[in-house]
Amino acid sequence: MRALTLFLLLNAQVLGAQSVATGQYNGGNAFYREGDFTAARRSYLEAVATGIEDARLYYNLGNACFKLSRLGEAVLWYERARRLAPHDEDVEANLHFANLVKKDREIQGDEGSLVEFVVAVYFWPSYDRLSLFFACGFFAVFGLALMRLLSRSKFGTGWLVAILFCGGLSLSAAIWFGTRLYARSGTDEAIVMVDEVLARSGPDEGQTEVFAVHEGTKVRLVRQEEAWVLVRLANGLGGWVLAESIERI
């Protein structure tokens with residue numbers, strides 16, 4: 001009885017959070033249409049504060065921040081939206097435009113290279129698609145095995161090929177999914193949120209200035225020591241910046 005009561009309470013809390021988030025999201029949309037981007041941003045942030053993760057919410061929040069010339073915030077929310085919806089054309093287009101507006105330019109690899117193509121293919125399927133591939137293969141194997149057990153007739157080579165194919169699909173999707181999660185866990189990235197931050201050779205204000213990065217630039221996090229974080233740029237150059245000047249994606 002206690003377990004059932006706890007379950008109902010937890011579900012009520014989740015539904016309540018979703019209801020609050022939906023109300024704030026719709027309110028933010030109304031403010032945005034009216035041109036009140038400050039109020040829209042505030043409503044969207046209140047929706048985010050409920051704990052709801054939604055690509056459209058992050059995308060709209062990024063748009064409101066961009067309208068307010070808060071470039072760092074805009075890039076941050078576009079990046080977060082892209083992680084949830086990696087193939088959304090609107091998210092990609094607005095993120096691309098924001099990256100063109102910012103002061104620092106991303107260093108691109110050689111277009112058409114084999115490595116770039118392989119990396120693009122590897123990251124092409126979303127987590128939802130990989131989960132779908134795994135589920136389809138798994139249930140297909142289960143169905144074929146059940147047919148084999150219940151049927152009195154003999155199955156030939158075709159059945160064996162089918163079950164090996166479906167099993168291979170399910171296993172490949174599971175491995176792909178796992179390696180993607182592992183790669184993501186080992187890649188901690190952040191966005192510069194201030195106009196300019198100076199990266200230094202060590203975690204101290206007195207250390208030598210190595211380079212400067214500007215609002216909206218994406219950096220890779222290496223490690224943190226108290227108020228300082230060692231970051232690395234796309235070109236491999238690294239330096240220490242204050243943690244308060246960046247925000248994790």
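This is a predicted model, so every value here is computed, not measured. (Residues numbered from 1 in each chain as written. Predicted model: local features only at pLDDT ≥ 70, side-chain atom pairs only at ≥ 80, totals over all residues. Heavy atoms only, no water.)

Q: Sorry if this is basic, but what is going on with the overall build of the protein chain here?
A: A count of helical and extended segments in the protein chain gives eight helices and seven strands. Taking all 249 residues of the protein chain together, the buried fraction comes to 31%. Considering only contacts in the protein chain between residues 6 or more positions apart, those separated by 24 or more positions represent 56%. Roughly 15,500 Å² of accessible area belongs to the protein chain as shown, and the carbon and sulfur atoms make up 60% of that amount. (Helix = DSSP H or I, 4+ residues; strand = E, 2+ residues; numbered from the N terminus. Buried < 20%, exposed > 50% of the residue type's maximum accessible area, 1.4 Å probe, protein only. Contact = heavy atoms within 4.5 Å. Areas by Shrake-Rupley, 256 points an atom, 1.4 Å probe, with all protein chains shown as cover.)

Q: I tried to follow the side chain of Arg80 on my own but got confused; where do I start?
A: With respect to the helices, strands and loops of the structure, Arg80 is situated in helix H4 (residues 71–84). Looking at Arg80, its side chain comes within polar contact range of the side chain of Glu247, at 3.4 Å. Setting aside residues no more than four positions away along its own chain, Arg80 makes contact with Tyr58, Glu247, Arg248 and Ile249. (Polar contact = N/O pair within 3.5 Å; in protein donor to acceptor, adjacent residues only side chain to side chain.)

Q: Is there a simple way to explain the packing of helix H2 (residues 37–48) against helix H3 (residues 55–67) in this structure?
A: In helix packing, the relevant descriptors are the interaxial angle and the interaxial distance, both defined with respect to the helix axes. Put simply, H2 and H3 touch, their axes get as near as 9 Å, and they point 150° apart. Here H2 is positioned roughly antiparallel relative to H3, judged by the angle of their axes. Both H2 and H3 take part in a crossing whose hand is left-handed. For the pair H2 and H3, contact is made by Phe37, Ala40, Arg41, Tyr44, Leu45, Ala47 and Val48 and by Leu57, Tyr58, Asn60, Leu61, Ala64, Cys65 and Lys67, respectively. For the contact of H2 with H3, a count of residues per class yields 11 nonpolar, one polar and two charged. (Axes fitted to C-alpha atoms, helices over the stretch in contact; angles between N-to-C directions. Parallel < 35°, antiparallel > 145°, perpendicular 65-115°, else oblique. Left-handed = near helix turned anticlockwise from the far one by under 90°. Nonpolar A, V, L, I, M, F, W, Y, C, P; charged D, E, K, R; others polar.)

Q: Would you mind going over the packing of aromatic side chains with me for this structure?
A: For any pair of aromatic rings, the description consists of the separation of the ring centres together with the inter-plane angle of the planes. Here the structure, examined in full by the defined rule, presents seven aromatic pairs. With centroids separated by 5.1 Å and ring planes inclined at 50°, the aromatic side chains of Tyr58 and Trp77 adopt a geometry described as tilted. Here Tyr58 is found in helix H3, whereas its partner Trp77 is found in helix H4, with 19 residues between them in sequence. Assessed through its relative accessible area of 9%, Tyr58 is described here as buried. Of the residues examined, Trp77 reaches a relative accessible area of 7% and is grouped as buried. A cation over an aromatic ring shows up here: Arg80 above the ring of Trp77, its NZ or CZ 4.6 Å from the ring centre. (Phe/Tyr/Trp six-rings, centres within 6.5 Å; stacked < 30°, edge-to-face > 60°. Lys NZ or Arg CZ within 6 Å of the ring centre and 35° of its normal.)

Q: Could you clarify how one ought to interpret the confidence of the model for the protein chain in this entry?
A: Detailed reading of the predicted coordinates is not advisable wherever pLDDT is low. For the protein chain, per-residue confidence averages 85 on the pLDDT scale, and 85% of positions sit at 70 or higher. No element of the protein chain has a lower mean pLDDT than helix H1 (residues 2–34), at 68, and none a higher one than H3, at 97. The low-confidence segment residues 1–15 (pLDDT under 50) makes zero contacts with residues lying over four places distant or belonging to another chain. (pLDDT = per-residue confidence, 0-100.)

Q: In this structure, what is going on with the packing of H3 against H4? I would like to understand it.
A: Viewed as axis vectors pointing N to C, H3 and H4 meet at an angle of 165°, and their least axial separation amounts to 8 Å. Between H3 and H4, the interaxial angle falls into the category roughly antiparallel. Considering the relative orientation of H3 and H4, their crossing is left-handed. Seen from H3, the contacting residues are Ala55, Tyr58, Tyr59, Leu61, Gly62, Asn63, Cys65 and Phe66; seen from H4, they are Leu71, Glu73, Ala74, Trp77, Tyr78, Arg80, Ala81 and Leu84. Of the residues that constitute the contact of H3 with H4, the class distribution is 12 nonpolar, two polar and two charged.

Q: Hey, could you run me through unusual backbone geometry in this one?
A: Backbone geometry at Ser69 places phi at a positive 65°, although glycine is not the residue there. Tracing the sequence through the fold places Ser69 in the loop between H3 and H4. In the Ramachandran plot, Glu226 falls in the positive-phi region, its phi being about 55° despite a non-glycine side chain. Turning to its location among the elements, Glu226 is positioned in the loop between strand S4 (218–225) and strand S5 (228–232).

Q: Looking at this model, I keep getting lost on the side chain of Ser43. Mind explaining?
A: Following the sequence through the fold, Ser43 ends up in helix H2. Setting aside residues no more than four positions away along its own chain, Ser43 makes contact with Gln24, Gly27, Gly28 and Phe31.

Q: Looking at this structure, I do not really get H3. What am I missing?
A: Every α-helix carries 3.6 residues per turn, so stepping three or four residues along brings you back to the same face. Over its 13 residues, H3 runs 18 Å from end to end, which matches the ideal 18 Å to within 8%, given 1.5 Å per residue. The buried fraction of H3 amounts to 10 of the 13 residues, a majority that puts the element mostly inside the structure. Along H3, the residues classified as buried are Ala55, Leu57, Tyr58, Tyr59, Asn60, Leu61, Gly62, Asn63, Ala64 and Cys65. N-cap assignment for H3: the residue whose side-chain oxygen lies 3.0 Å from the backbone N of Arg56 is Asp54. (Expected span 1.5 Å × (residues − 1).)

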